[in-house]
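A structural walkthrough
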Amino acid sequence: MSVKKLLSGNEAIALGAYHAGLKVAAAYPGTPSTEILENLAQFKDIYAEWSTNEKVAMEVAVGASYAGARTLASMKHVGLNVAADPFMAVAITGINGGLVVISADDPGAMSSQNEQDNRHFAKLAKIPMLEPSDSQEAYDMVIAAFDISEQFDTPVMLRTTTRVSHSKTVMETKDNSRKETEIKSFKYNFRKYIMLPANARARRPLVEERIIKLAGYAETSPFNHISMGSTELGIITCGMAYQYTKEVFPEASVLKLGFSYPMPEQLIRKFASRVKKLVIIEELDPFIEEYVKSLGIEVTGKEFIPIIGELTPDVIEKAGRAMGLLSESLGCKKEYKMPKLPGRFPLLCPGCPHSGLFYTLGNIGQRSTIPGKKQREPRLIISGDIGCYTLGALSPLNAIDTCGCMGASIGNAIGMQKAGASEKLVALIGDSTFLHSGITGLIDAVYNKAKFTLIILDNRTTGMTGHQEHPGTGKTAQGEDTYAVSLEEIVKACGITSLQVVNAWDARALKEALKSSLENDVLSVIISRGACAVAVRRGINPSKIDINKCTDCGLCLAIGCSAIQKDADKIVIDGSLCAGDNCRLCEQICPNKAIYPDKPGITGGRNE
Amino acid sequence: MNSYNIIIAGVGGQGVILAGNIIGDAAIALGYDVKKTDTIGMAQRGGSVISHLRVAPKIYSPVIGEGQADIVISFEKMEAARCFSFLKPGGTVILNNREMPPLSVSCGMEQYPSDEEIMIVLEQKTDSIYFVEGSKKSEAIGNIKVLNIFMLGCLSQFMDIEDKVWRESIIRSLPAKIVGINITAFEAGIESVKL
């Protein structure tokens, strides 16, 4: 029976892959891709794993494909940077069972360290790419992607963006329509699967032949279609930009490229010949535009459509006016007065196990980069990493100096020390990020005799993306109990002799651990351990402030806890937000002993 | 069939996303096309949440353009003003009379806007502004978490969707043991905007 449902693009991809007979799925969490594997993990008749990182996820998928199963690897745009090595390799070997690589891009870098257009990866690897513009297409395309993969012996990239992955749109789903695919067995094939240089060279022409065949296929793909409207204006578009185009230019003729690499030359030429003016509307880079221009076709695009950030109907409408395609609306654009509203920026949650550490870091030494603060010794440079704790860079904590990509904190600290930085060096990394790509950096540090303090902020989960399991949690993506990798044992096995494990809510212990670590001129590791506060219930025996003892010094506000608020002249604690027995950090910090638990309870740091 | 562009605004944790899903579910049951998209950023950690919900016979863009929202429904007072650019001239604003001061305000670095300042902004486009005591009523009902369903009750009075369809959608979307308290909240929401 078919039912209409409101599904996100990611839910639709998961359902489509399942219906296409997927057997193995692997991913590392990353916005906006996370929900694909989360949804797949709920199907108990397939195998779905959170991999240690995207490179491993890709290798798992490639292995499953070689063994004959339909398989996918999903990741955010920067995840494909991590996975680029196996991705490029499988583009050469080709596949056995259908292999789909999902790249979920983040135009506007709404939850990422950068903005990049991963369509270039399809071109780089010379593999086909599909780009959905809503959930129905996401569902249809992922099913088609498996067929294309097997028909052309190639991995297929399905590229979404945040707006496609996260928007919910109506689609028809059928129950019980999973296709049962037979698992083809692995067959020894020296020339196909073993990329010795001679074999790699031998396969190169096959890749070129494949892309030519795929270009022919693109001409007739049902995902590439022309809808003729007015011949005055023709627009070539893809992905979410298609929906915006239909909204802003309802009269125009449109060529929608759903199979967007390799591009259908003849279809584009035919479309161009039927319209007087040709415009390309695409998000981020001029990917289609450069190709169409290379065909010698006159076209307008990025001179007017922004190359940076997410497109919206408003942005396209503005560009349309600038191009003279839309008339200036008469008197409609009234100017309105708008006061500056206080910003509502993300914060570490009340009870966050990272708060105490950042508070301590901000007070133990003088940060080299913060102007206006009293000079104190030692001066510190704190290299940060990717996760919730990156928020420690924001006011009032201001306790991070760098953040680039997953795992970078450790390598950055090594480099700074080797460059002769006179400050004390501290690297901060989360538990999941350490397992993702911190271990190799730590081995490098030991091997190359680097000296700095590495702090692993172990909150027992992958926090920022919404609490996914990882190798240290003892649970698999599908909820089974499993071996929990020990951070202590890994650190020791890397060759670290100075290791301290501290309760993340014990302010005194944190301070002492940091002090001793900074004083000793060796490579040392501190594991600051405390489970993520989102997992605990708030409002349990909240802390209160004794107004007779409080001198309004404001020290507790420096924790950056949103439960501690300044109300007119008084500092108050919002009992509905306070993590109470699960935290008690402010109580330890208050110099006047003015903060106390509402009822007798745990004080002086939560017991882990 | 009518068409509605609705902006639902609030702060991470207030149930904005679920509220939008329930409206969508109700509209699909009536055969509407629905698209819904959220700008959440890092909402789980106290940021602003803005949910775009479009209900019409046929929809392309999930994103609502400037000046295109028929209704702005805000779970937090100041967030209504933040969504002003989306509001259609003559549109409707429903706002929960509850201040949730961001850190910059609670640390004394910025000022929370006064009711008057918020009204001056909104009144540039519309007179149809409803202040409701959603948080207070929800607390009185027994759980602040029913606020989102209370706000849906308010919204239901501005959409041509029958009461029965709303209730069925709420029942479909929530665990059975909390349906009762949420239906109470829904009814309280309806009452709070009745003239």
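Residues numbered from 1 in each chain as written. Chains lettered and ligands numbered in written order. Predicted model: local features only at pLDDT ≥ 70, side-chain atom pairs only at ≥ 80, totals over all residues. Heavy atoms only, no water.

**A word on the overall build of chain A**
Looking only at helices and strands, chain A features 21 helices and 23 strands. Over its C-alpha trace chain A gives a radius of gyration of 27 Å, about what one expects of a compact globule, namely 25 Å for 608 residues. Each principal axis of the C-alpha atoms in chain A carries an extent, and together these give about 80 × 70 × 55 Å. A burial count over chain A gives 57% of its 608 residues as buried. Contacts spanning at least 24 positions in sequence make up 73% of the contacts within chain A whose residues lie at least 6 apart. Accessible surface, chain A: about 24700 Å² in total, of which carbon and sulfur atoms supply 54%. (Helix = DSSP H or I, 4+ residues; strand = E, 2+ residues; numbered from the N terminus. Rg over C-alpha atoms; globule rule 2.2 N^0.38 Å. Buried < 20%, exposed > 50% of the residue type's maximum accessible area, 1.4 Å probe, protein only. Contact = heavy atoms within 4.5 Å. Areas by Shrake-Rupley, 256 points an atom, 1.4 Å probe, with all protein chains shown as cover.)

**Points about the overall build of chain B**
When helices and strands are tallied, chain B shows eight helices and six strands. Starting at the N terminus and walking to the C terminus, you meet the elements of chain B as β-α-β-β-β-α-β-α-α-β-α-α-α-α. The C-alpha atoms of chain B give 16 Å as radius of gyration, which agrees with the globular expectation for 195 residues (16 Å, within 12%). Its C-alpha atoms give chain B principal-axis dimensions of about 50 × 35 × 35 Å. Here chain B, with 195 residues, has 57% of them falling under the buried criterion. Of the contacts formed within chain B by residues at least 6 apart in sequence, a portion of 64% connects residues at least 24 apart. Surface summary for chain B: the accessible area is close to 7500 Å², and the carbon and sulfur share equals 52%. Treating the 18 positive side-chain charges of chain B as one cloud and the 22 negative ones as another, the clouds have centres 7 Å apart. (Lys, Arg positive; Asp, Glu negative; His and termini not counted. Charge placed at Lys NZ, Arg CZ, Asp CG, Glu CD.)

**Quick word on the domain arrangement of chain A**
Residue and element names in this part refer to chain A. Here chain A is described as being made up of domain 1 (3–218), domain 2 (224–330), domain 3 (355–535) and domain 4 (543–597). One C-alpha centre belongs to domain 3, the other to domain 4, and the line joining them spans 26 Å. With nine residues of domain 3 in contact, the opposing surface of domain 4 contributes ten residues. Carbon and sulfur atoms make up 65% of the surface buried where domain 3 meets domain 4, a total of about 810 Å² over both sides. Looking at the side of domain 3 facing domain 4, the largest losses of area belong to Y359, P396 and W505, adding up to 64% of the total buried there. In this structure, the connection of domain 3 to domain 4 is made through two residue pairs in polar contact (both at pLDDT 80 or more). If you list the elements that add at least two residues to the side of domain 3 that touches domain 4, you get α15 (355–364) and α20 (507–519). Residue contributions to the side of domain 3 that touches domain 4 peak at three residues, all from α15. Of the residues assigned to the side of domain 3 that touches domain 4, the class counts are five nonpolar, two polar and two charged. (Domains from an automatic or database assignment. Buried area = accessible area lost by both parts, 1.4 Å probe. Polar contact = N/O pair within 3.5 Å; in protein donor to acceptor, adjacent residues only side chain to side chain. Nonpolar A, V, L, I, M, F, W, Y, C, P; charged D, E, K, R; others polar.)

**Focus on the state of the cysteines**
Residue and element names in this part refer to chain A. All told, the structure shown has zero disulfides over all chains when counted by the stated rule. No disulfide involves C494; its nearest neighbouring cysteine sulfur is the one of C405, lying 18 Å away. In this structure C494 comes out as buried when scored by relative accessible area, which is 12%. Sulfur of C586: no disulfide; nearest cysteine sulfur belongs to C578 and is 6.1 Å away. On the basis of relative accessibility, which here comes to 9%, the residue C586 falls in the buried class. (Disulfide = S-S within 2.5 Å.)

**A few points about the packing of helix α5 (residues 84–93) of chain A against helix α10 (residues 197–220) of chain A**
Residue and element names in this part refer to chain A. Where α5 contacts α10, the axes come no closer than 8 Å and their chain directions differ by 85 degrees. Comparing the axis directions of α5 and α10 gives the class roughly perpendicular. Seen from α5, the contacting residues are A91, I92 and T93; seen from α10, they are R203, R204, V207 and R210. (Axes fitted to C-alpha atoms, helices over the stretch in contact; angles between N-to-C directions. Parallel < 35°, antiparallel > 145°, perpendicular 65-115°, else oblique.)

**Quick notes on a positive patch on the surface**
A cluster of basic residues, R508, K511, K515 and K593 of chain A, forms a positive patch at the surface. Note that K593 of chain A resides in the loop between α21 (585–589) and β23 (595–597). (Patch = residues over 30% accessible without salt bridge, like charges linked within 9 Å, V, L, I, M, F, W, Y side chains within 5 Å. Salt bridge = Lys/Arg side-chain N within 4 Å of Asp/Glu carboxyl O.)

**A few points about the pairing of strand β5 (residues 87–96) of chain B**
Residue and element names in this part refer to chain B. When you tally the buried positions in β5, you get seven out of ten residues, the bulk of the element. Taken together, strand β4 (residues 69–74), helix α2 (residues 77–82) and β5 constitute a β-α-β crossover, and its handedness is right-handed. Sheet topology note: the β5/strand β6 (residues 129–132) ladder contains four bridges and is parallel. Each bridged residue has a counterpart across the sheet, and for V93 the counterpart in β6 is I129. (Right-handed = clockwise from strand over helix to strand, strands pointing away. Pairing = 2+ DSSP bridges.)

**With respect to the interface of chain A and chain B**
Taken together, the contacts link 48 residues of chain A with 48 residues of chain B. Here chain A packs against chain B, burying approximately 4000 Å² in sum over the two surfaces, 60% of which is carbon and sulfur. For the chain A face of the interface with chain B, the top three residues by lost area are Y336, P342 and R344 of chain A, together amounting to 21%. Between chain A and chain B we count four salt bridges in total. Among the ionic pairs, E79 of chain B bridges to R344 of chain A, the shortest N-O distance being 2.5 Å. Remark: the boundary between chain A and chain B carries 13 residue pairs in polar contact (both at pLDDT 80 or more).

**Re a nonpolar patch on the surface**
All names here are of chain A. A cluster of nonpolar side chains, namely F186, Y188, F190, I194 and L196, defines an oily patch on the protein surface of about 530 Å² accessible area. Along the chain, F190 turns up in helix α9 (residues 190–193). Taking relative accessible area as the criterion, F190 reaches 37% and is therefore assigned partly exposed.

**Some thoughts on unusual backbone geometry**
All names here are of chain A. In this structure, the amide linkage connecting T31 to the following residue, P32, adopts the cis form with an omega of 10 degrees. Of note, P32 is situated in the loop between β2 (24–27) and α2 (34–40). The omega torsion across Y261 and P262 is -10 degrees, close enough to zero to call that bond cis. Position of P262 relative to the elements: it lies in the loop between β12 (259–261) and α12 (265–274). In this structure, D552 is a non-glycine residue whose phi angle is positive, near 65 degrees. Along the chain, D552 turns up in the loop between β20 (543–545) and β21 (564–567).

**A closer look at the pattern of salt bridges**
Opposite charge on two side chains permits pairing when their charged atoms draw close. Residues and elements named next belong to chain A. Scanning the model with the defined rule gives 47 salt bridges over all chains in all. Of the charged contacts in the structure, one is a salt bridge between D105 and R159, with a shortest N-O distance of 2.9 Å. With D105 in strand β5 (residues 99–105) and R159 in strand β7 (residues 156–161), this residue pair connects regions lying 54 residues apart in the sequence. Assessed through its relative accessible area of 3%, R159 is described here as buried. Here R203 makes a salt bridge to D153, at a shortest N to O gap of 3.7 Å.

**Thoughts on the side chain of K168 of chain A**
Tracing the chain through its elements places K168 of chain A in strand β8 (residues 168–174). On the basis of relative accessible area, K168 of chain A is assigned to the buried category, the value being 18%. Aside from chain neighbours lying at most four places away, what touches K168 of chain A is L6, L7, S8 and E11 of chain A together with N21, V34, K35 and K36 of chain B.

**With respect to empty space enclosed by the protein**
Residues and elements named next belong to chain A. Applying the stated rule across the entire model yields four cavities of 30 Å³ or more. Considering only enclosed or pocket space, the largest cavity measures out at about 140 Å³ in volume. Considering the residues around the largest cavity, the lining is formed by 18 residues, among which G351, C561, I564, C583 and C586 are closest to the centre. Considering only residue class, the lining of the largest cavity consists of 13 nonpolar, four polar and one charged. Considering only enclosed or pocket space, the second largest cavity measures out at about 90 Å³ in volume. Lining of the second largest cavity is provided by 14 residues; of these, C550, C553, C556, C590 and I595 occupy positions nearest its centre. Class assignment for the residues of the lining of the second largest cavity results in ten nonpolar, three polar and one charged. (1 Å grid on protein atoms, 1.4 Å probe; cavity = no way out; pocket = protein on both sides within 12 Å on 5 of 7 lines; lining within 4 Å. Points joined across faces, edges and corners; volume = space filled by probe spheres on them.)

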